[in-house]
Amino acid sequence: MNRGLRLLVAGMIGLGAASGVANAQELAHRFIEIVPDVYAAVGNGTIQTQDTVAVVINEHDVLVVDTNITPEATRRLVADIKTLTDKPIRYVVNTHWHYDHTDGNQIFGPEVQIIGHVNARKAIVDGVLAARLELALEELPPTIDALQSRVAAEQDPTRRAELEQQLAVRRAYGEQLKETVPTPPNMTVTDRLTIYSGGREIQIIHPGPGHSVGDLLVYLPAERVIMTGDFWEGDRTGALRFGFHDLWADNLEPLKDLDFEHVISGHGPPFTGKETIGYFQAFLRDLWEQTKALHDQGVPVADAATRVDLTKHQAHYANFRTVGTDERTIARIYQVLDER
Ligand SMILES: [Zn+2]
Ligand SMILES: [Zn+2]
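Residues numbered from 1 in each chain as written. Chains lettered and ligands numbered in written order. Predicted model: local features only at pLDDT ≥ 70, side-chain atom pairs only at ≥ 80, totals over all residues.

A. Main features of the overall build of the protein. What the protein contains, in helices and strands, is 11 helices and 13 strands. At 20 Å, the protein has a C-alpha radius of gyration in line with the 20 Å of a compact globule built from 340 residues. Seen along its three principal axes, the alpha-carbon backbone of the protein occupies a region of about 65 × 50 × 40 Å. Burial analysis of the protein (340 residues in total) assigns 38% to the buried set. (Helix = DSSP H or I, 4+ residues; strand = E, 2+ residues; numbered from the N terminus. Rg over C-alpha atoms; globule rule 2.2 N^0.38 Å. Buried ≥ 20, exposed ≤ 12 C-beta atoms within 10 Å, placed from the backbone.)

B. The domain arrangement of the protein, seen in detail. Once the domains are mapped, the protein shows domain 1 (3-126 + 182-274), domain 2 (128-177) and domain 3 (277-339). Distance from the C-alpha centre of domain 2 to the C-alpha centre of domain 3: 30 Å. (Domains from an automatic or database assignment.)

C. Expanded view of the pairing of strand β12 (residues 262-265). Sheet analysis places strand β11 (residues 225-229) next to β12, joined by 4 bridges and oriented parallel. Residue pairing for β12: G229 is matched across the bridge by S265. Between β11 and its parallel partner β12, the chain crosses via helix α8 (residues 245-251), and the hand of that crossover is right-handed. Of the pairings in the sheet, the one linking β12 to strand β13 (residues 271-272) comprises 2 bridges and is antiparallel in character. (Pairing = 2+ DSSP bridges. Right-handed = clockwise from strand over helix to strand, strands pointing away.)

D. Representation of helix α5 (residues 118-125) within the structure. Listed as buried for α5 are A120, R121, A123 and I124. Looking straight down α5, one finds that the buried residues subtend no more than 160° of arc, so they occupy a single side. Elements in contact with the buried residues of α5: α4 (99-102), β6 (113-117), α6 (128-153) and β7 (187-189). (Arc of directions from axis to C-beta. Contact = placed C-beta atoms within 7 Å.)

E. Looking closely at the nonpolar core. Core analysis: the largest hydrophobic core is formed by 68 residues, its most contacted members being A54, V55, V93 and V218. Domain assignment of the residues forming this core places at least three in each of domain 1 (3-126 + 182-274) and domain 3 (277-339). Residues in contact with A54, not counting those within four places in the same chain, are A40, V65, V218, M227 and I264. (Core = buried A, V, L, I, M, F, W, Y, C linked by C-beta atoms within 7 Å.)

F. Region of the structure containing the packing of α6 against helix α7 (residues 157-177). Orientation of α6 relative to α7, taken along the N-to-C sense of each, is 160°, at an axis distance of 10 Å. Classified by the angle between their axes, α6 and α7 sit roughly antiparallel to one another. The hand of the α6/α7 crossing is left-handed. Packed against α6, whose contacting residues are L133, A136, L137, L140, I144, L147, Q148, R150 and V151, the element α7 presents R160, L163, E164, Q166, L167, R170, R171, G174 and L177 at the interface. (Axes fitted to C-alpha atoms, helices over the stretch in contact; angles between N-to-C directions. Parallel < 35°, antiparallel > 145°, perpendicular 65-115°, else oblique. Left-handed = near helix turned anticlockwise from the far one by under 90°.)

G. Region of the structure containing the pairing of β11. Extensive coverage of β11 is indicated by the burial of 5 of its 5 residues. Direction of pairing for strand β10 (residues 217-220) relative to β11: antiparallel, over a ladder of 3 bridges. The residue bridging V218 from the neighbouring strand is M227, located in β11. Between β10 and β11, which pair antiparallel and follow one another directly, the connecting turn spans 4 residues, one of which, R224, has a positive phi of 60°.

H. Quick peek at the sheet that holds strand β1 (residues 29-35). Across the sheet, which stays open at both edges, the 7 strands sit in the order β1-β2-β3-β4-β5-β6-β7 with mixed pairing between neighbours. Each edge of the sheet is formed by a strand with only one pairing partner; in this case those strands are β1 and β7. Averaged over all pairs of adjacent strands, the angle between strand axes in this sheet comes to 25°, irrespective of strand direction. With 6 bridges connecting them, β1 and strand β2 (residues 38-43) associate as antiparallel partners. In the sheet register, V35 faces β2, and the bridge partner there is V38. Here α5 sits on the sheet and contacts β6 and β7; the angle it forms with β6, its principal contact strand, is near 100°.

I. Spotlight on the sheet that holds β12. An order of β8-β9-β10-β11-β12-β13 is seen for the 6 strands of this open sheet, with the pairing classed as mixed. Lying at the two open borders of the sheet, with one neighbouring strand each, are β8 (192-197) and β13.

J. View of unusual backbone geometry. At Q50, a residue that is not glycine, the phi angle is positive and equals roughly 75°. Mapped onto the elements, Q50 comes out in the loop between β2 and β3 (53-57). The phi torsion at D66 lies on the positive side, around 75°, for a residue other than glycine. Assignment of secondary structure puts D66 in the loop between β4 (62-65) and α3 (71-81).

K. Structural detail: the environment of G298. Tracing the chain through its elements places G298 in the loop between α9 (276-296) and α10 (301-307). Between the alpha carbons of G298 and V78 there is a distance of 50 Å; along the sequence they are 220 residues apart.

Shown next as structure tokens:
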């Protein structure tokens, strides 16, 4: 497909998703072109996708950064990418092992290199995703029941229709989960790897421990684009109940030295600029220091979770308006401190 036609298609996809017309039923993703041949693929809400995926169309092949939360959502991703290009997907990079970035891995054949950090492969081989899957299948039915009650109680017809749509997506997700077979990367990276495909250079960089024990960044130096997974999500703190918060803050520092303008992170829309790296480092350090002090005083996790005060960061992270934070985040920091 030539560039003009491709842009037209991408624009139509965007319109379809925004207005909820028939187009959106056929496509599960909205593509946002970042630079020529580099796209962010954001779920349009018709199927549970969870994460934001990056699509890089090279001279002969395609590289995809992360898979979606289920095999079915990832099949839909592959089908949607065919509206952009006929070239084959040859590389998939998992930015980390979390299910919302890897649970579509199984749909790819052996001709596709699924690239992940050596620790991400080990975590999946050791069964972390299998355990999570079991838990998700247990925890999902009550959340579906709760959503159903909200639909029944909703008086506003517009809001009710939205909730009904969410309920349908959630129910379908419950079914789609069942075919998941956790599938590790078939190519591992320890420190870094560079792919040269056609005229494009793609650097895959392990920044050190952060959001997980095996995060990867995907960097296109010529295009000044970086894909950061959940290691850095711009104006969102993302999921904080994982990782190594003190090392995370330190390992964000070298990111500032990379020459980039555009960022596709693992969740939410793409963005530009790097000033929020500093805010996030300050946030993580504050979270870590306060929690460590409570840990060292022997304060129980549940109590500590009500006392950690991150409200001074609310100018950057609007969800920290009141004192206290997620107990699972505090439990994770206590676990890291206890294991050291
Ligand atoms: Zn994650
Ligand atoms: Zn994620």
